[in-house]
Amino acid sequence: MKRKATLAIQDLCACDGCEVALADMGHVLLDLLDDKVDLVYAPLFMSAHDYGEVDILMLTGVARTEDDIAHLRQARQRARYIVSFGSCATFGGIPGLANLYERATLLETAYQNAPSLRVGEGTIPSELLPALTGEIRPIGAYVDVDFSLPGCPPPPRLLADFLERVLKQLPLQGERS
Amino acid sequence: MRTEKINVAPVTRIEGTMSVSINLDEGGNVAQAHAHVLEFRGFEAFLCGRHVSKAPLVTPRICGVCPVPHHLASIKALESGLGLEPPRPVAMLRELMLACEHVSDHLLHMFVMAGADLLLPDLPLAQRGLPTLYATYPQVLRQVVSMRNVTQTIISTLGVQAVHPDAAVLDGLNKHLTEAERRRFLEGVRQVKETILKLCDELWVPRLQKAMQDYAGLGRLDTHFVALVRDDQMALYDGTVRIIDPGGAVVADFPASAYLDHIGEKDISYSYAKAAYLPSPGSSEGMYRAGPIARVNVARVAGTEQAGRLMEEFRSGFGQVAQETLAQNFARYISAVYAIERAEQILADRGITEWEPAAPVEYKAGEGVGIVEAPRGLLIHHFRWDDDGYIRAANIITPTNANASAIDFSLKQVAARSIRSGQVDREKLEHEVGIMIRAYDPCISCATHAMSMEEDLFGIEILDADGNLHQK
């Protein structure tokens, strides 16, 4: 008896469009949930707080904090296959445009120069917030990636084909029903 | 003061990453509560220096859950600044895409994100979500998927892909709708309308009513509301912006171009999301709410049959101006029905398949504002560009910026239900904070146009009077 493959979707800095593309697989996604895939972690769709060890970990978005990066390094031990899911994770994507600007410029534009700002002193937010760090790099710079799925977002059909093929590669015999 | 740290489960099923901190006073009661948006990207900065024709392609990437309104607010800003007005069929097809996005997005929220609380109230929080929903209600989830398939297919037919569409160009669209597509989609949206009404009548509304009894008064507050209206009816793509006070009196009606006279923003030291507010006196700290509840409260009538019927029901239950925070869920249902009825009205018009492609446009220096109703409320894009069409300044105000203050006020009220004299009912707190925040359906990506800076997905922090971490 084949067990289901465990799947986690972890978003880093993202627009969540990759998750919506996954939802747009529609009936194909539900068919997978029927007998092939055990979705264990996907914060947009469910309240599970962690994912332990999984067969497939799909990472979307870009990493900005040291915490994100530490999380990425940890990921390798927790997943049989790591998938760079979407153009942000694979190349940097639109958020990667930030690399063209000084960080101060990004913050000043948003919090000091916006024409609709009327009150406040143009404070750059920082209280109880994680600091912005470094440049945007593909997640492959931090963790060995097994598969890359570019696309903004990858089309639902591509996702379905990919999952079907990767599921065939997984040794899933007889571990549980 | 206790200083023990307890891990509070992250609150999920919202778009993006937000944490909550609660400050206690000397007596161990709630003094302040804040939502912290932990993401930042800086879209306004990286729009600058880019050609304005690229804005409708860049801005959808702010949010993968509601890319269509960003796409359309951008093209409307350009067209208003260049003095263009697209032919009527083009405006209708754009509204069709927007209406379909409202339906897709609301369905996901109603049946999965908030739906897990309504349909699986007996499951522990950590087990609520898509897999358990599907295991418990396979046929309902299949129906939701079939409905979203119709609305997402309409968007992707016009916009190449449903998430991050490439449809609107100056004065036009990249693609025509064929007569065969029009008929097929009309049939599809009629089925969607029937299915939503039936599913909600039989299952969803009774569950919502039960939840509203179980969590009576949760996060209630009195605010102003802001939404688009057209001839006093609900509107999505085009109309006048209307502000009403908590009693329902119209405070202002204004065109998109005048938004700076009526809506301001303030920076918040503890959040990467700015808070939008109404600078004119008369509202509590300028607080207002946007979104489905604002659309329903601000319009005199819905303008479509079934949404109109539901709106009457809504008003008989919640008053002429609904203020209950959880009523936002019911308003979201009305909004979904309104949107599918608008899609049906548009698709029933044979004239939408024929229009002439626009002539090439010569750029000149300009400035324009585009406003549409996103699923989560009023969305404002404002660009200024030079003679060659390169953007010099960009400003974006999203519905979650509008709701930022209201979420904080609701949060304080919700926290006080679980925290008394230093005693914290953690399970209740976590649960009620999640249910309240989900009622607002915040979109963190939109609020910050942000590079995600997440640590926790949604950690709750409790600070003592000295600002030290009390619990986490």
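Here's what I pulled together on the structure shown here. Note that the structure is predicted; figures quoted are calculated from it, not measured.

Judged by nonpolar contacts, the single largest core of 179 residues is most densely connected at Met58 of chain A together with Phe111, Tyr333 and Phe383 of chain B. Counting 21 residues, the second largest nonpolar core, distinct from the first, contains Val226, Ala235, Ala258 and Tyr259 of chain B.

Turning next to the pattern of salt bridges. Residues and elements named next belong to chain B. Within this structure, the stated rule accounts for 37 salt bridges over all chains. In this structure, Glu95 engages Arg342 in a salt bridge whose closest nitrogen and oxygen atoms are separated by 2.7 Å. One end of the pair, Glu95, is in helix α4 (residues 88-113); the other, Arg342, is in helix α12 (residues 327-347), and 247 residues separate them in sequence. Neither Glu95 nor Arg342 differs from the other in exposure class; each is buried.

Below, the discussion takes up the packing of helix α3 (residues 67-81) of chain B against α4 of chain B. Residue and element names in this part refer to chain B. Viewed as axis vectors pointing N to C, α3 and α4 meet at an angle of 150 degrees, and their least axial separation amounts to 9 Å. The pairing of α3 with α4 is recorded here as roughly antiparallel in orientation. In this structure, α3 meets α4 at a crossing whose hand is left-handed. Note on element contacts: α4 touches α3 through Arg94, Met97, Leu98 and Glu101, opposite Pro67, Val68, Pro69, Leu72, Ile75 and Glu79. Class assignment for the residues of the contact of α3 with α4 results in 7 nonpolar, no polar and 3 charged.

All names here are of chain B. Their axes nearest at 10 Å, the elements helix α7 (residues 138-159) and helix α8 (residues 179-214) cross at an angle of 150 degrees. Of the two possible hands of crossing, α7 and α8 adopt the one that is left-handed. The segment α7 lies against α8, with Val140, Gln143, Val144, Met147, Val150, Thr153, Ile154 and Thr157 engaging Glu181, Phe185, Gly188, Val189, Val192, Thr195, Ile196, Leu199 and Leu203. Classifying every residue of the contact of α7 with α8 gives 11 nonpolar, 5 polar and 1 charged.

Further remarks concern the packing of aromatic side chains. Residues and elements named next belong to chain B. The full count for this structure, using the stated rule, is 8 aromatic pairs over all chains. Arranged with centres 5.8 Å apart and planes meeting at 75 degrees, the rings of Phe330 and Tyr333 form a pair that is edge-to-face. One end of the pair is Phe330 and the other is Tyr333, both in helix α12 and 3 residues apart, which spans about a single turn. The buried category is assigned to Phe330, whose relative accessible area is 6%.

About the criteria used
- Residues numbered from 1 in each chain as written.
- Chains lettered and ligands numbered in written order.
- Predicted model: local features only at pLDDT ≥ 70, side-chain atom pairs only at ≥ 80, totals over all residues.
- Heavy atoms only, no water.
- Core = buried A, V, L, I, M, F, W, Y, C linked by side-chain atoms within 4.5 Å.
- Buried < 20%, exposed > 50% of the residue type's maximum accessible area, 1.4 Å probe, protein only.
- Salt bridge = Lys/Arg side-chain N within 4 Å of Asp/Glu carboxyl O.
- Helix = DSSP H or I, 4+ residues; strand = E, 2+ residues; numbered from the N terminus.
- Axes fitted to C-alpha atoms, helices over the stretch in contact; angles between N-to-C directions.
- Parallel < 35°, antiparallel > 145°, perpendicular 65-115°, else oblique.
- Left-handed = near helix turned anticlockwise from the far one by under 90°.
- Contact = heavy atoms within 4.5 Å.
- Nonpolar A, V, L, I, M, F, W, Y, C, P; charged D, E, K, R; others polar.
- Phe/Tyr/Trp six-rings, centres within 6.5 Å; stacked < 30°, edge-to-face > 60°.

What is shown is where atoms sit, not what they do.
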